[in-house]
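Survey of secondary and tertiary structure
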Amino acid sequence: MSSSAQRYFEQAATLLNMGASEQKLLLTPLREVRVQVAMRMDDGQLATFTGYRIQHDKARGPMKGGLRYHPEVNSAEVLELASLMTWKTAVVDLPYGGAKGGISVDPKTLSPGELERITRKFIDEIHEVIGPDQDIPAPDMGTNAQVMAWIENQYEKYHGYSPGCVTGKPVEMHGIDGREEATGRGVAIILQATLKRLNRPLKGISVAIQGFGNVGSFAASILHDMGAKVVAVSDVLGGIYNAQGLDIPALQAHVAQPAEKVSSFPGGTPIINAELLACDAEVLIPAALGGVLTGDNAQAVRAKIIIEAANSPTTPEADEIFHQRELVVVPDILANAGGVTVSYFEWVQNRQHFKWELADVREKLAKQMTRAFDDVWNIATEKKVPLRAAAYLLAVGRVARATKLAGIE
Ligand code: NAD
């Protein structure tokens, strides 16, 4: 586990008076699967890749977590992300544990046929350890709804009809309405809940968002619709700033055109990503990469509220500086849990064989996220700790209690 995730866990474990052996029990993954994925490429050559599925904890239910296709996927990273899923599902009180997986491959170099074959071969190797009551994968970096559809189909060749074996599927293949927007919508709901506690209106508040992919673009458009003023947005190539607020629907139409990017949008002044992080906005939403807020740039951040939409965007050094500066930082395990929450609704829908309506999905997402936020805020107030420490206290406490109640023999 990385030093930051382990550090936050240990802080919570100490406050919960957990002994060393209890801590080791919760930190150690239940099962680490590493497989060889061998396949024939389009040119007839044989290629082999390494695939992983790491199941961290199942004390609170079947394990849940995404599958990442990226050249840098490795067992240390997968383990860290698997443990984050355990705390994330616990903090929003979903009846799940945590897992993560992936293949060390650059999906951009694969043809559609190769992407399908690598997915099916991977499921051939891991189908015995996943399943609706065991471990339920979902999309992550480099995978999408189509990949999830192939996973369902391949899994069902072994186990029969089982749509609940994977989430994030296309709506036409047992997926749920509202899954695509869910993480961005959850981020907006969390900002709304934060401002309510700070007695600040959401209407007119200025927001800067790093990343305009799935999470960043939905967060931007939902916040725009709610009345917030999105003043800055960026993608990997750069960003734009407009103190009067960006026209987000027009920006979305702009980037949907081939060869256009965020920074070429005419409705704002071009900025680089470092300027976005330090721009004049009341709220900063990092929604791109991990590790972007560091000891080097934390003093320059002008926002007073940070909503961590990306996983691990804040290094421990930056976190300490934000704490000293009394910024409100809503941690990733709470702020970006909207995706896994709607994945849970999809799994429930599959198990009920009953199609949920979009309005129900949105209403239940708002209820679940707001309740989790209130739980975390109340712990932070009562124990006089930052929101991150409070979120870990809630999550680690829930997993520890379930582990103890189940017994170990
Ligand atoms: P995405 O690939 O759809 O979008 C990523 C965006 O970040 C793109 O706009 C890209 O151009 C931009 N970006 C990449 N490198 C950048 C850089 N150096 N500087 C600025 N921008 C950069 O990914 P996503 O699904 O939106 O995920 C974003 C983050 O949210 C990731 O950290 C992911 O782990 C996390 N997350 C996603 C979900 C989900 O449901 N998609 C759920 C939980 C957490």
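For the structure itself, consult the block above.
This write-up is about the structure you can find in this document. (Residues numbered from 1 in each chain as written. Predicted model: local features only at pLDDT ≥ 70, side-chain atom pairs only at ≥ 80, totals over all residues. Heavy atoms only, no water.)

Focus: helix α3 (residues 75–91)
We count it as follows: Only DSSP runs of H or I reaching four residues or more are called helices, and only runs of E reaching two or more are called strands; each is numbered from the N terminus. By this rule the span expected of a helix is its residue count minus one, scaled by 1.5 Å. When accessible area is computed with a 1.4 Å probe and restricted to protein chains, residues below 20% of their type maximum are described as buried, those above 50% as exposed, and intermediate ones as partly exposed. Here a polar contact is taken to be a pair of N or O atoms separated by no more than 3.5 Å, where protein atoms must pair a possible hydrogen donor with a possible acceptor and residues adjacent in sequence count only if both atoms sit in side chains.
Taking 1.5 Å per residue as the helical rise, α3 with its 17 residues ought to reach 24 Å, and the 24 Å between its terminal C-alpha atoms agrees with that figure. Within α3, 14 of the 17 residues are buried, which leaves it mostly tucked inside the rest of the structure. Capping the start of α3 is the job of one residue whose side-chain oxygen sits 3.1 Å from the backbone nitrogen of A76: N74. D93 sits one or two residues past α3 and shows a positive phi near 60°.

Structural notes on the site of the ligand
What counts is decided by this rule: What makes a residue near a molecule or strand is one non-hydrogen atom of that residue sitting within 4 Å of it. A 1.4 Å probe and the Shrake-Rupley method give the accessible areas. Residues count as covered only by the protein chains that appear here. Only Asp, Glu, Lys and Arg are considered charged in this grouping, and only Ala, Val, Leu, Ile, Met, Phe, Trp, Tyr, Cys and Pro are considered nonpolar; every other residue, Gly among them, is considered polar.
The local shell around the ligand holds 18 residues, among which T183, F212, N214, V215 and V236 are the closest. Residue A288 places a main-chain N or O atom 3.1 Å away from an oxygen atom belonging to the ligand. Computed on the free molecule, the ligand has an accessible area of 830 Å², of which 72% lies beneath the protein chains in the complex. Here the residues of the shell around the ligand sort into eight nonpolar, eight polar and two charged.

So, the sheet that holds strand β11 (residues 305–307)
Threshold: Any two strands between which DSSP finds at least two bridges are classified as paired. Orientation is described by axes fitted as lines to C-alpha atoms, over the contacting stretch for helices, and by angles from 0 to 180 degrees between their N-to-C directions.
Sheet architecture is open: seven strands sit in the order β9-β8-β7-β6-β10-β11-β12, paired in mixed fashion. Strands with a single pairing partner mark the edges of an open sheet, and in this sheet they are β9 (269–271) and β12 (328–330). The mean inter-strand angle of the sheet, taken between neighbouring strand axes irrespective of direction, is 20°. For strand β6 (residues 206–210) and strand β7 (residues 229–235), the ladder comprises five bridges, and the chain directions are parallel.

Description of the sheet that holds strand β5 (residues 135–139)
Let me state the cut-off plainly: Whether two residues are in contact is decided by their heavy atoms: any pair within 4.5 Å suffices.
Pairing is mixed across the open sheet formed by five strands, whose spatial order is β1-β2-β4-β3-β5. On the outer flanks of this sheet lie β1 (31–40) and β5, each paired with one strand and no other. Adjacent strand axes in the sheet meet at a mean angle of 20° when their direction is disregarded. Alignment of β1 against strand β2 (residues 46–57), held across 10 bridges, turns out to be antiparallel. For Q36, the partnering residue across the bridge sits in β2 and is T50. Sheet strands in contact with helix α4 (residues 112–126) are β1, β2, β3 (63–70) and β4 (97–104), and its direction is about 140° off that of β1.

Section: α4
The end-to-end C-alpha separation of α4 is 21 Å, in line with the 21 Å expected for 15 residues at 1.5 Å each. Considered for burial, the residues of α4 that qualify are E114, L115, I118, T119, R120, F122, I123 and I126. On its buried face, α4 is in contact with β1, β2, β3, β4 and α5 (145–159).

As for the layout of surface pockets
Unfilled space is identified by rolling a water-sized probe across the atoms. Spelled out, the test is: The pocket and cavity definitions rest on a 1 Å grid over protein atoms only: a 1.4 Å probe that fits but cannot leave marks a cavity, an open set with protein on both sides within 12 Å along at least five of seven lines marks a pocket, and residues lining either have an atom within 4 Å of a point. Grid points are joined across faces, edges and corners, and a volume is the space filled by probe spheres set on the points.
Taken as a whole, the second largest pocket holds about 520 Å³ of empty space. Along the wall of the second largest pocket there are 21 residues; nearest its centre are H323, L327, V385, P386 and L387. Among the elements of the structure, α1 (3–15), α10 (316–324), β12, α13 (358–383) and α14 (387–406) are those that each provide at least two residues to the lining of the second largest pocket. With five residues, α10 is the largest single contributor of residues to the lining of the second largest pocket. Of the residues in the lining of the second largest pocket, the class split is 12 nonpolar, three polar and six charged.

Topic: the packing of helix α7 (residues 214–226) against helix α8 (residues 248–255)
Convention followed: Roughly parallel here means an angle under 35 degrees, roughly antiparallel means over 145, roughly perpendicular means 65 to 115, and every remaining angle is called oblique.
Here α7 crosses α8 at 150°, and the two axes come no closer than 9 Å. Taken as axis vectors, α7 and α8 run roughly antiparallel relative to one another. Within the contact between the two elements, α7 uses S217, A220, S221 and H224 and α8 uses I248, P249 and Q252. Across the contact of α7 with α8, the residue classes break down as three nonpolar, four polar and no charged.

Re the environment of V255
Here V255 shows up in helix α8. A relative accessible area of 26% means that V255 is categorised as partly exposed. Here the alpha-carbon distance between V255 and F265, two residues 10 residues apart in the chain, equals 7.9 Å. Those residues in contact with V255 that sit more than four places away from it in its chain are F212, E260, K261 and V262.

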